[in-house]
Number of protein chains: 4
Amino acid sequence: MTKNALPARIVDEAGLTTLRPISQGAEKWLFRPITCLDHGFVYMCDYMGNDHSIVQAANVSFGRGTKKVSEDDTLIRYLRRNMHTSPSEMVVFKFHCKMPIFVARQWIRHRTASVNEYSARYSKMSNEFYMPPPDELRRQSTMNKQGRGELLTDDQCEQVAEILGDTYRKAWDGYHSCLDMDLARELARIGLSVANYTEWYWKIDAHNLFHFFRLRLDPHAQKEIRVYAEAMARMVKDAIPKAYRALEMYTLNAMTLSEMEIAFIQKHPGVLMTEEELFGAYLPSVDHNEREAREFVEKMKKLSLVKQ
Amino acid sequence: MTKNALPARIVDEAGLTTLRPISQGAEKWLFRPITCLDHGFVYMCDYMGNDHSIVQAANVSFGRGTKKVSEDDTLIRYLRRNMHTSPSEMVVFKFHCKMPIFVARQWIRHRTASVNEYSARYSKMSNEFYMPPPDELRRQSTMNKQGRGELLTDDQCEQVAEILGDTYRKAWDGYHSCLDMDLARELARIGLSVANYTEWYWKIDAHNLFHFFRLRLDPHAQKEIRVYAEAMARMVKDAIPKAYRALEMYTLNAMTLSEMEIAFIQKHPGVLMTEEELFGAYLPSVDHNEREAREFVEKMKKLSLVKQ
Amino acid sequence: MTKNALPARIVDEAGLTTLRPISQGAEKWLFRPITCLDHGFVYMCDYMGNDHSIVQAANVSFGRGTKKVSEDDTLIRYLRRNMHTSPSEMVVFKFHCKMPIFVARQWIRHRTASVNEYSARYSKMSNEFYMPPPDELRRQSTMNKQGRGELLTDDQCEQVAEILGDTYRKAWDGYHSCLDMDLARELARIGLSVANYTEWYWKIDAHNLFHFFRLRLDPHAQKEIRVYAEAMARMVKDAIPKAYRALEMYTLNAMTLSEMEIAFIQKHPGVLMTEEELFGAYLPSVDHNEREAREFVEKMKKLSLVKQ
Amino acid sequence: MTKNALPARIVDEAGLTTLRPISQGAEKWLFRPITCLDHGFVYMCDYMGNDHSIVQAANVSFGRGTKKVSEDDTLIRYLRRNMHTSPSEMVVFKFHCKMPIFVARQWIRHRTASVNEYSARYSKMSNEFYMPPPDELRRQSTMNKQGRGELLTDDQCEQVAEILGDTYRKAWDGYHSCLDMDLARELARIGLSVANYTEWYWKIDAHNLFHFFRLRLDPHAQKEIRVYAEAMARMVKDAIPKAYRALEMYTLNAMTLSEMEIAFIQKHPGVLMTEEELFGAYLPSVDHNEREAREFVEKMKKLSLVKQ
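Glancing now at the overall build of chain A. The helix and strand inventory of chain A stands at 12 helices and 9 strands. On the principal axes, the C-alpha backbone points of chain A span a range of 75 × 60 × 30 Å. With 308 residues in all, chain A has 50% of them scored as buried. Sequence separation of 24 or more characterises 69% of the internal contacts of chain A that already satisfy a separation of 6 or more.

Each turn of an α-helix holds 3.6 residues, which means side chains three or four residues apart point in the same direction. All names here are of chain D. Listing the buried residues of helix 7 (residues 206–216) in full gives A206, L209, F210, F212, F213 and R216. Looking down the long axis of helix 7, one finds its buried residues gathered within 155 degrees of arc, a one-sided arrangement. Taken together, the buried residues of helix 7 touch strand 4 (92–100), strand 8 (197–205), helix 8 (223–239) and helix 9 (241–252).

Moving on to the relation of the copies chain D and chain B. Rotating chain D by 180 degrees about the axis while translating it 0.0 Å along that axis superimposes it on chain B, leaving an RMSD of 0.0 Å. Expressed as an axis order, the relation between the two copies is that of a two-fold axis. Within chain D, D:T256 has its C-alpha nearest the rotation axis, a separation of 2.1 Å. The share of interface residues of chain D whose copies in chain B are also at the interface is 100%, consistent with both copies meeting through the same surface.

As a further point, take the interface of chain B and chain A. Between chain B and chain A, the contact holds 43 residues from the first and 43 residues from the second. For the side of chain B that touches chain A, the secondary-structure elements that each account for two or more residues are strand 1 (16–18), strand 3 (40–48), helix 2 (51–62), strand 4 (92–100), strand 5 (114–117) and strand 8 (197–205) of chain B. At 6 residues, helix 2 of chain B tops the list of elements feeding residues into the side of chain B that touches chain A. Within the side of chain B that touches chain A, the residues separate by chemical class into 21 nonpolar, 12 polar and 10 charged.

Residues and elements named next belong to chain C. Here we have 5 strands laid out as an open sheet, ordered 2-3-4-8-5, and antiparallel in their pairing. Edge positions in the sheet fall to strand 2 (34–36) and strand 5 (114–117), since each of these pairs with one other strand and no more. Each strand axis lies, on average, 25 degrees off the axis of its neighbour in the sheet, ignoring direction. Bridging between strand 3 (residues 40–48) and strand 4 (residues 92–100) involves 7 bridges; their strand directions are antiparallel. Looking at strand 4, one finds that Y47 is bridged to F93. Where helix 7 (residues 206–216) meets the sheet, it contacts strand 4 and strand 8 (197–205), and its direction lies at approximately 125 degrees from that of strand 8.

So, on to the domain arrangement of chain A. Domain boundaries assigned for chain A yield domain 1 (24–125 + 196–252), domain 2 (134–191) and domain 3 (259–302). Here the C-alpha centroids of domain 1 of chain A and domain 3 of chain A sit 36 Å apart.

So, on to the pairing of strand 8 of chain D. Residues and elements named next belong to chain D. Most of strand 8 sits inside the fold, with 9 of its 9 residues counted as buried. Covered by surrounding structure in strand 8 are Y197, E199, Y201, K203 and D205 together with T198, W200, W202 and I204, the residues of both alternating faces. In terms of strand pairing, strand 4 meets strand 8 through 9 bridges, oriented antiparallel. The residue bridging H96 from the neighbouring strand is Y201, located in strand 8. Looking at chain direction, strand 5 (residues 114–117) and strand 8 are connected through 4 bridges and run antiparallel. Residue pairing across strands places N116 opposite Y201, the latter belonging to strand 8.

As summarised here, the arrangement of the 5 strands in space is 2-3-4-8-5 (chain A), forming an open sheet in which the pairing is antiparallel. The sheet is open, and its two edges are formed by strand 2 (34–36) and strand 5 (114–117) of chain A, each paired on a single side. Geometrically, the sheet is characterised by an average inter-axis angle of 25 degrees between neighbouring strands, direction not taken into account. This element, helix 2 of chain B, spans strand 3 (40–48), strand 5 and strand 8 (197–205) of chain A of the sheet and lies at about 50 degrees to strand 5 of chain A.

Right, let's talk about the packing of helix 7 (residues 206–216) of chain B against helix 9 (residues 241–252) of chain B for a bit. Think of two packed helices as two axes; the pair is described by the angle between the axes and how far apart they sit. Residue and element names in this part refer to chain B. Packing of helix 7 against helix 9 leaves a shortest axis separation of 11 Å and a crossing angle of 45 degrees. In terms of orientation, helix 7 and helix 9 fall into the oblique class. Crossing of helix 7 over helix 9 shows right-handed handedness. Residues A206, F210, F213 and R214 of helix 7 form the contact with helix 9, whose participating residues are A243, L247, T251 and L252. Split into classes, the residues belonging to the contact of helix 7 with helix 9 amount to 6 nonpolar, 1 polar and 1 charged.

A few words now on the environment of D:E136. Secondary-structure assignment places D:E136 in the loop between strand 5 and strand 6 (138–140). In the structure, D:E136 is positioned 13 residues away from D:G149 in sequence and 9.9 Å away in space, judged by C-alpha atoms.

Turning our attention to the interface of chain D and chain B. If you look at the interface, chain D gives 23 residues, while chain B gives 23 residues. Those elements that place two or more of their residues in the side of chain D that touches chain B are helix 9, strand 9 (255–257) and helix 10 (259–267) of chain D. Take the side of chain D that touches chain B: its biggest share by element is 5 residues, from helix 10 of chain D. In the side of chain D that touches chain B, the residues fall into 12 nonpolar, 8 polar and 3 charged. Sheet analysis places strand 9 (residues 255–257) of chain B next to strand 9 of chain D, joined by 3 bridges and oriented antiparallel. Directly across from B:L257, in strand 9 of chain D, lies its bridge partner D:M255.

Scoring rules and cut-offs
- Residues numbered from 1 in each chain as written.
- Chains lettered and ligands numbered in written order.
- Predicted model: local features only at pLDDT ≥ 70, side-chain atom pairs only at ≥ 80, totals over all residues.
- Helix = DSSP H or I, 4+ residues; strand = E, 2+ residues; numbered from the N terminus.
- Buried ≥ 20, exposed ≤ 12 C-beta atoms within 10 Å, placed from the backbone.
- Contact = placed C-beta atoms within 7 Å.
- Arc of directions from axis to C-beta.
- Least-squares fit on C-alpha atoms with pLDDT ≥ 70 in both.
- Nonpolar A, V, L, I, M, F, W, Y, C, P; charged D, E, K, R; others polar.
- Pairing = 2+ DSSP bridges.
- Axes fitted to C-alpha atoms, helices over the stretch in contact; angles between N-to-C directions.
- Domains from an automatic or database assignment.
- Parallel < 35°, antiparallel > 145°, perpendicular 65-115°, else oblique.
- Left-handed = near helix turned anticlockwise from the far one by under 90°.

The structure is reproduced here in structure tokens:
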């Protein structure tokens, strides 16, 4: 596993000539890693297609030839608005990523991708474990069973760092002692923690990557995987800017109103209630599920449809 | 739909500079259509990766850096021999294809691909129907319930051509009359036959394309889809020559011996029987299934393990 | 292919004992076909799981044992509201369906399903072609490039019926003449139209079936496939009533507001405009795309946020 | 997570009546766990279909109705011999499994399955870590870079057990101290090792499960995942005995000869060489790749085609 920091760009920039469609925004990011967490990174190492490939794939359905690029934007927005997502499968990205195992375990749940991962059966793991910085050491959220809340005290932060550091050292020393006795690598590694770093190549098409973004850019995603999603989103935003902008407009920054929410707004046309009134009035619509009612109030606030 | 014959190459050959891996063999084929059947074609319109991308993906598993290209061949063969197919998912091809609907219906059964097809709901179909040439007009096979056997007589060939021609004309005239009455396109087209041409973009990774080849290059595949498989195989052979050669060695040109076949050979070491003796002696091994016994005799003939 | 009408229920109702989870609503529908179009049908021929299987799968994530069934509803709604769709993959349905080829061609685009289709290479097709009833013979929509608009005149309806009838007869006679000459079935069938009926077994999990419903219950789906989606939805509604109700609440009957729509509502809190005012005021938000602006007005009407 | 040993069977055996196809072999195994490793298990918790479902799905292709069950066997063998695997997708199994994280990480690579896993973000992990028994503590294989060779000495075994035990205790104590400080669960768990147990529901169709068996029953698979594959294979063998037997005959116990191996046998008809002669004579066929030549010698030995 690559132990040292990656250089700013890991190829020389000469390049070769191709007849394939080019994305200048993707070229800019090729082999240019973004550092993630304390020892991780992600960089784009190959890609296929650009915004216009999406348009072209859609146009074969419409029986149209290639049109003016100026119209690409309208069509790309139309496609996303109407969930015609198959044309965006024609764009593909390949990333080289290095991340802690617990991040890899969440990531791999996205099945519609191709993966080649470093194997601890074949090769020696490296002495790199994720150590969360103090400003990430937060209490269990009281609102969200899977999230983080307030910061720990400085004392507690030090204690956690010490505990994790000790655990990592113990595991690493044990790993080495086992290897020294020539224990098979596939067994020696089982004491290493899920904070240990692994790496892989990951190839995915834009449609499925956008679904990954939808779930992993979300504030409910664990912070440590969000960092990787954000790094890739930054690259993809440059690589297929029109498609990414449409994703923001109609998905990432959109809001879905449920059947009951629509019915409630319908029945109170133009009436602005306070948050409290709204909460109480809406509650019966959702069988008195307070969580769902609170979510509705949040949406109404975002729409400025509450009385101040 | 593109009505006229495609030009020899449908882009100018200037090209742009890219930092991505290049396959010179693939570049050669980009936008260079191969004609298939009477009105069809297939050409490669984009690709990602090359033989070395497969090696690189495998090497991340092995924890190795990039090695000498001279060793790629050994590794690629090792991977295929041992069914380590995931590294070949890192190579992707995109084709633009035009084919009769009945061919498209067999093709689409390969689910691990991305497709954007011409839509008869949006657009007008074209007056192009597949007319089999006389040397394809064969009788129902007596051996193979889904295959073709002997040629028809010349007279019969003429009759078939006339029948199909009439059917196509009738369907086409009807389609037009319906469109003239402004019947919705999605209904007007339902009288068109499965010999009518459609077209699509098709994107697939090398692993899944190889599986397509395995099934569709096979003599049991319908001739009309085999033509497309052969055209694409010709391109892919140039694009990733080492991976394609390994596919031939260990899959396309390989032979699988069943448990019973192994046991039979084992029990008769070095004894050469005539075909007839072999058939009779093997029959009990497969519960007297004559078809399976004949298949065994064929394998033994191929291995020169029968007495002449 | 089954030529005659299916009996009301194609098994005797004895049944056997199983330790598996049961859905009484699914049992009710097993082998009970719903007729679709003129010669088609769909019936459920197997299933796995029920509403509680979804809850149980979610609870393994939460580290909970099985709870009171009374709480299933809350959890199922929570899962859908938050796009936690993987638990619904634990429920599976298998249908036997018979439909025109052009319907099958749209249907098969849903790749995350298992299909075994009748083969025209192995077996003879039957003389059944879809003949749209007069009240389906509509003009090309002027609003929607892939839809239907006004009815044809009675005269035109008769003409269309005659044209299609003639086309089907011609194709069928030709098919038979070719078979009589012993032309291979795989070639003889190529003059048959996409209105010819085929049949298949189709197996899909509830998550992917819900996605199918989302696209194929939509008014923009072609009427002829919608009929099948509606038939299956009727069955699934009984089989997993809680999950289906949640699908309605948060997906089928929901509304998505885009980033620009949210921003517009935000900026005009509590102001009701007429449809026209709204259209004009919103247009700049979407780069003067009239189609998108009209869609916004429709949403605001549905929410009663327009001035009458 | 279920902490205590599972009872012999975790449901009462009453059962309910269903109209669905039944597999008596599967019923026998429902909710009857097989213990795997020191704290793991696997049991079947649901299934769909039986051997006859595979036949029925194939018969829809052949345009046949349901035939005598006595012919099922012939057809099932025909299907597997010819790689017609889609009918076996009509059979589905669902298992509840508990295994160490490093096993789960290999398992999840099989993407064509549905998974719901215990979440360490929502819930507390349990104090269960895989401790390999002494007879599994083997040296790194010298032949196989990912395998195990000879046993360690008794002394070394004790040392390894001590090292792993210490590592697990350290990690567990640290985990608890972090939870006591109310650190978010999603962070507190990152020091736990990949030997820690997790659990999931896993649903897969028979075709993809057979592929899993092919890879994970193989002697090259890590022993710890093979244990789970073997447990499930035992159940599936009873659930769909004909299909499983065909898998053995034509896949698990079969042998594939490469193009070069076929050519070599062909050229030396009936000549038996010693192992050494064979190795030397074959070597040029594979560009002097010794590994591949040794594999050939092994195959010839299995076929009794070497001189003793």
